[in-house]
Structure formats: C-alpha cells, structure tokens
Amino acid sequence: MTIRMTRRGVLGASLAAALPMPALAQAKPDRIVVNISGGAMTNLFRRTYFAEFEKRHGIRVVDTSPVDFGKLRAMVESGNVEWTVTELGGQDFVRAQRMNLLEKLDFSIIDLSRYPEAVRSFTHTFPSSVYSTVMAYRTDVFPNNAHPKGWAEFWDVRRFPGPRSLRNHPVDNLEFALLADGVAPDKLYPIDLERAFAKLDEIRPHVTVWWTTGAQPAQLLVDREVVLASGWNGRFYDVARRGAPVAVEWQGGSAKQNAFGIPRGARNAVWGNHFLQVMTDPKLQAVYATELAYPGLHPDTPNYVEESVRPHLPTTAANLEKQFWLDVDWWTEHGQRAQEAWNRWMLRRG
C-alpha cells in the first residue's frame, strides 16, 4: 500500500502533533450531559439554564437523574465518565473534592467575582443555590403569629400541642436538638452527640412521622396529620403559594448550599465550565428562585425577584440572620459516626 502525503497533509499532521491534548479535546461537541435531581427541577432547568446554554453555544443539553454519589465515584474510578456536569447533594460536594472525583473549575470562564467570599474558596465545586431546613406550621392551628419561634418552642409540647414530624436522619436534627437545649448557634460545632440525643429523647414521643422524602413533611401538614414539621423551605413554599395554610419560621433554620461539579475525566469539560457560567446569570437564578424558593448566590438575583417572593427566600437578609450554616466539614468527617449513632438510637427507641 502506498501512502501519499501532500504538503497540506504534512502541515496538518505537524499542527496536530504540536497542539496540546486539551486543545484537541475542546472541539465543540453536539451535546453535553448534565446530571440533576430530576422531577420539577428538570423542567425548570430545561426552561432556564439548558435553554440559555443551547442558545448561546449551539450545543444540546441532555439531562439525566437522579443524583448518585456512588455512580459518580464508579464512573471516575473506571474512567468511563458519562456526565459532563453533575449536581452534588448534601455534603457530597466536599467529599467529592476530597476524594479527587472532580475536575478543577476554570474560573477564567466561570465568573464568581461578585459571589460571597465564603463560597469562592472551593476550587472544584460551583455554588449553585441555597436552601434551608426549617420549621413549618399550620397557620390555622397557630394563628396570629402564635406559632413556635424556634426549636426550644418546637420541643415545648405543652404550650404548642400537636403531632410533629422530623426527618429520619441525623443531619439537622442533632443541631435542632442542641438549639432546643440552649446551645448558641455559633457553638453548635463540634456536635455533642450525647447531649443532642438526650434532648431528642424528649421530643421522640411526639414525633408521629419520621419523614424520608422531601415531599412528605409539606404533605403531612396539608393533610393535617401533623401541625409542626421540619423540611426544606422550597417544599413549604410550593404548597403555601397554592393556598395551603402552611408557613415557615426561619429562626434556627439550617442553611446549606447546593453545588455542581465536573467529574474528573469528563469529556467536553471545557463546555461544562461554560454551562456553569450560564448558571451564574442572575436573571435565570431569579426564575429558579421564584419557582422553587432556592435562590442562587449572585448578589443581583433578588433584584429580579418579585417583592412578594423575597420573604420566602433563605438568602433574604432578615431570614438569613436567623439561620446557621450547616458545617459541611464537620459532617464530612463525622457523618458516618453520627449516622451509626442515629441508627442505634432509632432502634433502641423504636
């Protein structure tokens, strides 16, 4: 077989050999894959971030769900990474970075210069939004602002009688128990497990449902199976704006950030960075906040949210000052021990 190499072919081969691999890998793809939680979030992402990315870059976004830390780890370790970008639930964004499962983000593409300094310290994760675990109550049971104003009063079953619901999980509950026992918000960590479980012993007989899915506590309140419940602020916002007699108390809320990252070894990682840059758009964040009450962290986002929505957002100044930030570093380091203690406690008192 005779191979003919023209001058153009030689030049092309030389250029290809000279180009670094990342440059070759950054050719524009026809699609990227974004892994998110699913449900209503998918439709909202499709109308906002997906649509805008496709408009700006001419690249289709394919969504997958649910979020799965174990699958992320298996993908990276096998070298067969299907996702371009993935949501990272709970404190998994810290675990993922520590376990070297993520690509370092390109902040020449992703502009976080106006974001709060506290969230700019993460080099491998993008702070997408804020949500809180808060107390909610039925306004017809506790009218005229006569509801519990914090976890000490949630624990006070004489002044505020009625069945309660808490999550079947140590995260948040240990902090709430300590707040109910008089611990100051800035002294919650390191968590005193023995003290927290002793306080949980007191409320246990009055918790009729230990919820396990995000939709449960709001529905329990709507159905009047309970009169007080912990839960994610967006779930309560959703039923309240549809007319349910449900409202939120922000005092003692546990604020957290949602995060996204690019799996290590992801194809088209550069376009994953461009997708995350789209997610910094405050106008798009405002649509997301209005729909789900989980605002992004761009400081201009509240300017694009209607005044009636702002009291329902965890980042509103008046609401944020009543809350504490969950210490993800503590939970990353001690979460397994806390979970094992929780499991023993539930079995012992079940």
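Computed from a predicted model, the values in this text were never measured in an experiment.

Peer 1: Where do I start with the packing of aromatic side chains in this structure?
Peer 2: Each aromatic ring pair is summarised here by two numbers: the centre-to-centre distance and the angle between the ring planes. Per the counting criterion, the structure on display carries 23 aromatic pairs. Ring centres of Phe50 and Phe275 lie 5.9 Å apart, and the angle between their planes is 45 degrees; this geometry places the pair in the tilted category. Taken as a pair, Phe50 in helix 3 (residues 40-57) and Phe275 in helix 11 (residues 269-278) lie far apart in primary sequence, 225 residues in all. Each member of the pair Phe50 and Phe275 is classed as buried. What links up through ring pairs into an aromatic cluster is the set Phe45, Tyr49, Phe50, Phe53, Phe260, Phe275 and Tyr288. Its end group placed over the ring of Phe154, Arg164 keeps NZ or CZ at 5.3 Å from the ring centre.

Peer 1: I keep staring at the confidence of the model for the chain and nothing clicks. Help me out?
Peer 2: Detailed reading of the predicted coordinates is not advisable wherever pLDDT falls low. Taken over all residues, the pLDDT of the chain has a mean of 91, while the share at 70 or more is 92%. Under a pLDDT of 50 for its full length, residues 1-25 has, in the predicted model, four contacts with residues more than four places off or in other chains.

Peer 1: Explanation requested: unusual backbone geometry in the structure shown.
Peer 2: With the exception of glycine, most residues fall at negative phi, and the peptide bonds are largely trans. Residue Ser65 is joined to Pro66 through a cis peptide bond whose omega torsion reads 0 degrees. With respect to the helices, strands and loops of the structure, Pro66 is situated in the loop between strand 2 (60-64) and helix 4 (69-78). Here the amide bond leading from Tyr189 into Pro190 is cis, since omega sits at 0 degrees, within 30 degrees of zero. As for its placement among the helices and strands, Pro190 is situated in the loop between helix 7 (173-180) and helix 8 (193-203). Positive phi is not limited to glycine here, since Asn145 has a value of about 65 degrees. Considering the arrangement of structural elements, one finds Asn145 in the loop between strand 4 (126-138) and helix 6 (151-154). On the basis of relative accessibility, which here comes to 53%, the residue Asn145 falls in the exposed class. If you check the backbone angles, Arg224 has positive phi at about 60 degrees while not being a glycine. Within the element layout of this structure, Arg224 appears in the loop between helix 9 (216-222) and strand 7 (228-232).

Parameters at a glance
- Residues numbered from 1 in each chain as written.
- Predicted model: local features only at pLDDT ≥ 70, side-chain atom pairs only at ≥ 80, totals over all residues.
- Heavy atoms only, no water.
- Phe/Tyr/Trp six-rings, centres within 6.5 Å; stacked < 30°, edge-to-face > 60°.
- Helix = DSSP H or I, 4+ residues; strand = E, 2+ residues; numbered from the N terminus.
- Buried < 20%, exposed > 50% of the residue type's maximum accessible area, 1.4 Å probe, protein only.
- Lys NZ or Arg CZ within 6 Å of the ring centre and 35° of its normal.
- pLDDT = per-residue confidence, 0-100.
- Contact = heavy atoms within 4.5 Å.

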